[in-house]
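Observations on the three-dimensional arrangement
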Amino acid sequence: MSQMINYFRNSAILNCDCYVADYTNSTGNARGVEISTSPFDDIDYFHLKKKISDQNLPYLAVNLEKYPAFIKGIENCECVFSSLSEAKKTWILMLETKYCEAHNIEDYTIKACSQMEETLCKLEKLNLTSRTQKRVYFAFSIPEHSDKAPFGAFTLSQDYGLKMKEKGIHVLGYNTVLIATASFLQIPLCKI
């Protein structure tokens with residue numbers, strides 16, 4: 001794990017909830033992806049939530065827009081979060097948010113998964129992570145359309161979902177993902 005911390009040395013190490021928003025479209029590129037430890041009050045967002053707030057589960061929060069050398073030449077996702085806890089097999093989460101009209105959700109789902117997979121492959125190529133050492137999660141978030149979650153349920157075929165599982169990837173189409181333990185993420189069972 002120290003390789004990721006060293007490579008993404010200006011990224012935050014968090015032990016609390018975090019929130020991710022992408023201002024790119026709403027500001028005409030004046031602002032981009034932002035990670036915060038407080039909810040945004042002017043835009044819908046993705047929420048990485050600790051299931052038990054006082055549990056010690058630190059993680060690395062990487063905004064890939066801050067690392068142009070890493071994303072050069074790939075269709076990348078926006079953020080990577082990686083557990084820093086001591087466990088046999090910890091988690092890593094790739095995140096892609098899309099701000100779009102409801103009728104465009106289906107069009108963006110496969111593209112988002114492809115972006116997350118390219119990011120994962122680059123991390124593996126640089127020996128920054130490994131599917132054998134990490135439990136891999138892809139979170140596809142559409143912050144403006146929480147009522148449509150899980151987003152992948154109506155846009156991804158069962159065959160695609162099984163193919164991703166065979167690759168060791170769990171696809172989550174939600175705007176909130178819970179940090180359950182050092183080894184597992186999960187979706188909320190009820191609206192949060």
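Residues numbered from 1 in each chain as written. Predicted model: local features only at pLDDT ≥ 70, side-chain atom pairs only at ≥ 80, totals over all residues. Heavy atoms only, no water.

This paragraph deals with the sheet that holds strand S9 (residues 169–172). Read across the sheet, six strands follow the order S1-S5-S6-S7-S8-S9 without closing on themselves; strand pairing throughout is mixed. Of all the strands in the sheet, just strand S1 (12–14) and S9 have a single pairing partner and so form its edges. Pairwise comparison of adjacent strand axes, ignoring direction, gives a mean angle of 20 degrees for this sheet. (Pairing = 2+ DSSP bridges. Helix = DSSP H or I, 4+ residues; strand = E, 2+ residues; numbered from the N terminus. Axes fitted to C-alpha atoms, helices over the stretch in contact; angles between N-to-C directions.)

Okay, unusual backbone geometry next. In the Ramachandran plot, asparagine 127 falls in the positive-phi region, its phi being about 60 degrees despite a non-glycine side chain. Position of asparagine 127 relative to the elements: it lies in the loop between helix H3 (105–125) and strand S8 (134–141). The exposure class assigned to asparagine 127 is exposed, which follows from its relative accessible area of 56%. (Buried < 20%, exposed > 50% of the residue type's maximum accessible area, 1.4 Å probe, protein only.)

Core analysis: the biggest nonpolar cluster contains 27 residues, and Met4, Phe8, Val80, Met94, Met116, Leu123 and Phe138 have the highest contact counts within it. At the level of secondary structure, the elements contributing two or more residues to this core comprise strand S5 (59–63), strand S7 (90–97), H3, S8 and helix H4 (158–166). Examining the composition of this core, we find that five residues originate from one element, H3, more than from any other. Setting aside residues up to four positions removed in sequence, methionine 94 forms contacts with Cys77, Cys79, Val80, Met116, Thr119, Leu120, Leu123, Tyr137, Phe138 and Ala139. Grouped together as the second largest cluster of nonpolar side chains are 22 residues, Cys79, Trp91, Tyr137 and Leu185 included. (Core = buried A, V, L, I, M, F, W, Y, C linked by side-chain atoms within 4.5 Å. Contact = heavy atoms within 4.5 Å.)

This next bit is on the environment of leucine 14. Structurally, the position occupied by leucine 14 is in strand S1. What makes leucine 14 buried here is its relative accessible area of 11%. In this view, leucine 14 contacts Thr37, Leu57, Pro58, Tyr59 and Ala61; residues no more than four positions away in its chain are not counted.

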